[in-house]
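Next come the chains, spelled out residue by residue.
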Amino acid sequence: MPSARPAVDVVAPVAGDAALVRAVLARLRGLERRDGDTVTVVDNRGVGVEDPDVLVATAVRTSYHARNRGAARGTAPWLLFLDADVDPPADLLDRLFSPVPGEHVGVLAGAVRDSDPGPRGTAAERYAHLKSSMSQETTLARDRGRFAFAQTANAAVRRSAFVVVGGFREEVRSGGDADLCFRLAAAGWALERRPDAAVVHRNRTTVRAMLGQRFRHGTGAAWLAAEHPGALPARRWPGLLAWGVRRAGAGVRAGLRGDRDAALVGLLDGPAVWAFELGRRVPNRELPAAGRARRGGPSAPGGPGAAHRSDGPPDARDGDGPPLDPGPDGQ
């Protein structure tokens, strides 16, 4: 581990009840910190938890508004964005900065591992674990080329780079992490992997919730494809339908053999991809509380240079995950 590393402001958006806000705060406070490190849980609903490390930010009902507000609260040279549904190890900060990144590096992609629910886990939990659905290896795959990106489930961003490109775009509900990485790359900043700095992701417990998550990721994929031509192109429905039927048949045969894991993957692959592709038909936008969308940026009301304040009525979502799906070509 590095004997010295830069200070880090850790930011995690939360859209849930007071118990969830307190649970996320406890996990962040479990991180080993050095001088200059801070933690901020950004309450995107306004549930009334009074704590110096909790910031209420509800003017725009997206996690990206919450992340921008949390980033604006600190001054450390690096920002670490974590999702509310991950468990970080105590030494995560030191692991992220080993080795110390060069001056050209703007993003550090820590690893994300899907929790193993064991044999008693629900179908949705088991499926996500088997597919490694939140793995950074999916979004950082070599075949993605210039469209590789780090998920905000576990990503550190150099503050100076974050401010220069304008932070997260706040008006979207999914895909903002990919968009930020694409803009950083276009500005000349490099992305480095940190596979030894891993967090554990807690997956959705029901199939309905899992499919809803995939649907939301699909809205982000369509938006990214429009904003960044060539990123996440849509698949053709006739082929997807036929592929899903074949996968379901394979799942039924696996079930008859008594192979529960293979049956789950076969039966859920089709619905997961279909939900993702259907999501492309829905606008990737969360209505802001004040009736107007905001865009992140040092000079924007919700950007990384904005003043620290509490605002607006509640309602939002927390972690966004990758706008990708476990499609016919892999996860």
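Everything that follows concerns the structure shown earlier in this document.
Residues numbered from 1 in each chain as written. Predicted model: local features only at pLDDT ≥ 70, side-chain atom pairs only at ≥ 80, totals over all residues. Heavy atoms only, no water.

What is the right way to look at the sheet that holds strand β5 (residues 86-87) in this model?
Strands belonging to one sheet form pairs held by backbone hydrogen bonds; the direction of such a pair is parallel or antiparallel. What the eight strands build is an open sheet, ordered β3-β2-β1-β4-β7-β6-β8-β5; its pairing is mixed. With partners counted over all chains shown, the strands left at the sheet margins are β3 (54-56) and β5, one partner each. As paired strands, strand β6 (residues 105-114) and strand β8 (residues 190-201) are joined by nine bridges and run parallel to one another. Across the sheet, residue Arg113 finds its bridge partner in β8, namely Val200. Contacts between helix α2 (residues 63-73) and the sheet are confined to β1 (8-14), β2 (38-43), β3 and β4 (78-82), with β1 contributing the most and set at about 150° to the helix. (Pairing = 2+ DSSP bridges. Helix = DSSP H or I, 4+ residues; strand = E, 2+ residues; numbered from the N terminus. Contact = heavy atoms within 4.5 Å. Axes fitted to C-alpha atoms, helices over the stretch in contact; angles between N-to-C directions.)

Can you walk me through the pairing of β8 in this structure?
In summary, the side chains of a regular strand alternate between the two faces of the sheet. Bridge count between β5 and β8: two bridges; the pairing is antiparallel. From the neighbouring strand, Val86 faces β8, where its bridge partner is His201.

Help me out: how do you make sense of empty space enclosed by the protein in this one?
Once rolled over the atoms, a probe with the size of a water molecule shows which space is left empty. This model, assessed by the stated rule, comprises five cavities of 30 Å³ or more. For the second largest cavity, the calculated volume is near 40 Å³. Around the second largest cavity, the lining residues are Phe81, Val107, Ala150, Thr152, Ala155, Val157, Phe168, Asp177, Leu180 and Cys181. Mapped by element, the contributors of at least two residues to the lining of the second largest cavity are β7 (154-158) and α7 (176-186). By residue number, the principal contributor to the lining of the second largest cavity is α7, which donates three residues. Taken together, the residues that form the lining of the second largest cavity break down as eight nonpolar, one polar and one charged. (1 Å grid on protein atoms, 1.4 Å probe; cavity = no way out; pocket = protein on both sides within 12 Å on 5 of 7 lines; lining within 4 Å. Points joined across faces, edges and corners; volume = space filled by probe spheres on them. Nonpolar A, V, L, I, M, F, W, Y, C, P; charged D, E, K, R; others polar.)

Would you mind going over the packing of helix α9 (residues 237-257) against helix α10 (residues 260-279) with me for this structure?
Geometrically, a packed helix pair is captured by the angle between its two axes and the distance between the axes. At a minimum axis distance of 6 Å, the contact between α9 and α10 shows a crossing angle of 160°. With respect to their mutual orientation, α9 and α10 come out roughly antiparallel. Where α9 crosses over α10, the handedness of that crossing is left-handed. Counted together, Trp237, Leu240, Leu241, Trp243, Gly244, Val245, Arg247, Ala248, Gly251, Val252, Ala254 and Gly255 of α9 and Ala262, Ala263, Val265, Gly266, Leu267, Asp269, Gly270, Val273, Trp274, Glu277 and Leu278 of α10 form the full contact between these two elements. Counted by class, the contact of α9 with α10 contains 15 nonpolar, five polar and three charged residues. (Parallel < 35°, antiparallel > 145°, perpendicular 65-115°, else oblique. Left-handed = near helix turned anticlockwise from the far one by under 90°.)

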